[in-house]
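The residues making up each chain are set out below.
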Amino acid sequence: MSRPRVGAGRVGDGTATAQRPPGERKNGSMAVWRALTQPARYAALVAGALPVLAFPAPNLEFLAWFALVPGLLLMRASPSAREGGVRGWWFGAGFIFAAHYWLLPNIGPALLLVAVVMGALWIPVAVSTWILLRPPVTAARGLAALVVVPSYWLVIEWIRSWQGFGGPWALLGASQWQHPAVLGLAAVGGVWLVSFAIVAANTGIVILLTAGRTLVRAVGAAAAAIVIVAGPAAFALTPPPQPARFVTLTLVQPGIQHNPRIGVNASERLSAGLGRLHPDLVVWGESSIANDLRKDPRLLARLEALSAADGAQILVNQDSQTPVGKTKVAVLVGPRGIVATYTKTRLVPFGEYIPFRQQLGWLAKISRAAPANMIPGSGAKVIRMTARSGQRIPIGVLICFESAFPDMSRVDARRGAQLIVYQTSDSTFQGSWAPAQHASLGALRAAETGRPVVQAALTGVSAAYDAQGRVLASMSTAQRGQLTVRLGLEPGTALTPFDRYGDVVPWTAIGIALLAAAVQFRTWRRRRRVRIMLEVNPGGSESVFLLGTSREPAAGSESAGSGEGSASSQQTGR
C-alpha cells in the first residue's frame, strides 16, 4: 500500500487538504478592504452613536428606550455569529466615539484608538443577540434574551467603570437624569438597574418586531412595558424624604479667568456680602485657588476674614504641589483657618493622567494630554462643616470627575454624610456637551444615595438636586454669579437599598453573563464534536455519532459485517 503524500487529505481521518491552488489564496489587503466596504458595518457604527442623543446636551432622553433597536436588529440579521460580533464591535466604537467626542481637542487621534479598543467590549452583546434572537425566535429564547443581553451590556458598563479604563462616563442609565420617577430604580440598584431596564426594553421591542408567533411578540411587548413602568412603581413605593434639618448653600461661579490671581479675586467679590442670604456654607469650584493655602498666609488670612464676615465656612479648591507631584485638594476654611481637607482620588483620563503612560506617553507631544500624571488621594472622605447654628454637619466632598463614580458617593453616605458636594471646573470643555452631561450626574448620585447633591463649577454648569434627584436650581455655562439654595437633610442613618447593598445588580449581571457563556460554550463543543464525527465517517449512522459510543448489536439483530459499517463502529468507539 503506497504511503499518502504529505499534506494530502486522507479519507476518513477528518483532516482537510492543506494545499490550495495559488488562485484561491486570499490577499490580506483585499480582505481588509472588503471588511471596510460592508454597508451593514457602517450602519452599525451610526447605530452606536444614536443612543448618545439621549444624553445632554441634546437631552432626547426618551430615545434611550428604543435607540438600541436599530443596532440590535443589525446584529440579529448577521449571517453568522462572527459577523454579528464584528457589527457589535463597530456599534461599540460608534458609541464610545460619539459619547466622548469632546475629548478630541485634548487627545486628538487617540480618541479613535480608544473607540476601537473599547468598542470590542460590545462583541458579547452582539453575539448573544444573534444567538438568541435570530429566526425563529421562540418564547424560551426570547425570555433568555431579555435577561442575557442586558446583562452583557451591564458587564460592559462595569468594565468601563474601572479607573484604568477611563471611568463610567455615559452609562446608559444616566440618560434618565431628569426623570426622578425613573430614578426610583437608581435608589434600589443604582444607575446599573436603570441601564438594565433600558436595554431590556429595547430587547423587548426587537422581539415584538421580529418574532413570528403572536405569543412570543406578546412576551416582548409585556417585558418592555414592565421595565418601563418599573421605575415609576419603585418611586411611588419609596417613602418621601423626611428632612431632619435644613441648610443653605451658596455656589459661586466666577467664569473663565486665565489669570489665577484674577480668578481668586472674582470668587472673593462674589462671596462678599453673603451674610444677607444667611448661607451655612459657601462653595467654590475646582482649582479656584492656584496656590497651596498653607504656603500663602496672606490669601488664607483674606479667606478667614471673608468667612467671618459671611458667617459661613468656605469650601475652596487648590492645586497643590507636593514633593512627589501635583494634587487637587478641597479645603474647608473657617474664621480660624483650615478646618479640613480632601484630596482628589479619581483622576480625569488624559486630562490629569495618561493611562498606560509608558505606552501612550507620546500623546502629550501631539495633544493637550497631561504632561505628567497627578498624584491621587487615598479615597472618599467625610468632613464636618459647622452651620450658622453651630451644628456640625457631615458632608461628602468630591471633586470633578468623581461625580461619575457611584461607589464614592455611596461610601460617603454609608459613613454618615448628609450632603454630597462636588467641585468642578469644566473650563476645558466649554461649548461642548460635556458640562451638561457632567452636571446631570448629580441627579443620579442624589437618587442613589438619598442625599441632596450640589455641584459648584468655575464655568458652569452649577446645579443643586434634592434627595430624589429633582433639580432645585442651576446656572448654565453662559451665566456668572451666585446660586443660593436651601436643602433638606435626612439623618445620616437613613440609607437607600443601593446604599445598603451596593453593586448587587452588576454582580448579578456578571453571574448571568458567565452562566450564559458557559452554556453556549458547552453547546458549541457538543456541536463541534458531532461535526467532527460526521466528517470522520460520513457513511455511519447519525444516531451513533450523536451518542459518541459504540454499541454491541442487540440480540436477534444482524451483526455488523466487515467493511465500512464495521470500520465506522470502531472509529466511533474511539
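Our subject is the structure that appears above.
Some details on the sheet that holds strand β12 (residues 481-489)
Now for step 1: Across the sheet, 6 strands lie side by side as β5-β4-β3-β2-β1-β12; this open sheet has mixed pairing. In this open sheet, the two strands that pair with only one neighbour each are β5 (337-343) and β12. Each strand of the sheet is rotated relative to its neighbour by a mean of 30°, with strand direction disregarded.
Now for step 2: As paired strands, strand β1 (residues 245-253) and strand β2 (residues 281-283) are joined by 3 bridges and run parallel to one another. In the strand pairing of β2, Thr 250 is matched with Val 282.
Now for step 3: Lying over the sheet, helix α11 (residues 260-271) contacts β1, β2 and β12, oriented at roughly 140° with respect to β1.
Now for step 4: Set on the sheet, helix α12 (residues 297-310) makes contact with β3 (313-322), β4 (325-334) and β5; between it and β4 the angle comes to about 35°.

Describing the packing of helix α4 (residues 81-99) against helix α6 (residues 110-119)
Now for step 1: Across the interface, α4 lies against α6 with an axial gap of 7 Å and an inter-helix angle of 140°. The angle between α4 and α6 falls in the class oblique. Crossing hand, α4 versus α6: right-handed. Mapping the contact onto sequence places Gly 88, Trp 89, Gly 92, Ala 93, Ile 96 and Phe 97 in α4 and Leu 111, Leu 112, Val 114, Ala 115, Val 116, Met 118 and Gly 119 in α6.
Now for step 2: Tallied by class, residues from the contact of α4 with α6 come to 10 nonpolar, 3 polar and no charged.

Some words on the environment of Ser 195
Now for step 1: Considering the arrangement of structural elements, one finds Ser 195 in helix α9 (residues 184-210).
Now for step 2: Here the alpha-carbon distance between Ser 195 and Leu 185, two residues 10 residues apart in the chain, equals 9.6 Å.
Now for step 3: Sequence-distant contacts of Ser 195, defined by excluding residues within four places in its chain, comprise Leu 154, Glu 157, Leu 171, Leu 172 and Gly 173.

Rules and cut-offs
Residues numbered from 1 in each chain as written. Predicted model: local features only at pLDDT ≥ 70, side-chain atom pairs only at ≥ 80, totals over all residues. Heavy atoms only, no water. Pairing = 2+ DSSP bridges. Helix = DSSP H or I, 4+ residues; strand = E, 2+ residues; numbered from the N terminus. Axes fitted to C-alpha atoms, helices over the stretch in contact; angles between N-to-C directions. Contact = heavy atoms within 4.5 Å. Parallel < 35°, antiparallel > 145°, perpendicular 65-115°, else oblique. Left-handed = near helix turned anticlockwise from the far one by under 90°. Nonpolar A, V, L, I, M, F, W, Y, C, P; charged D, E, K, R; others polar.

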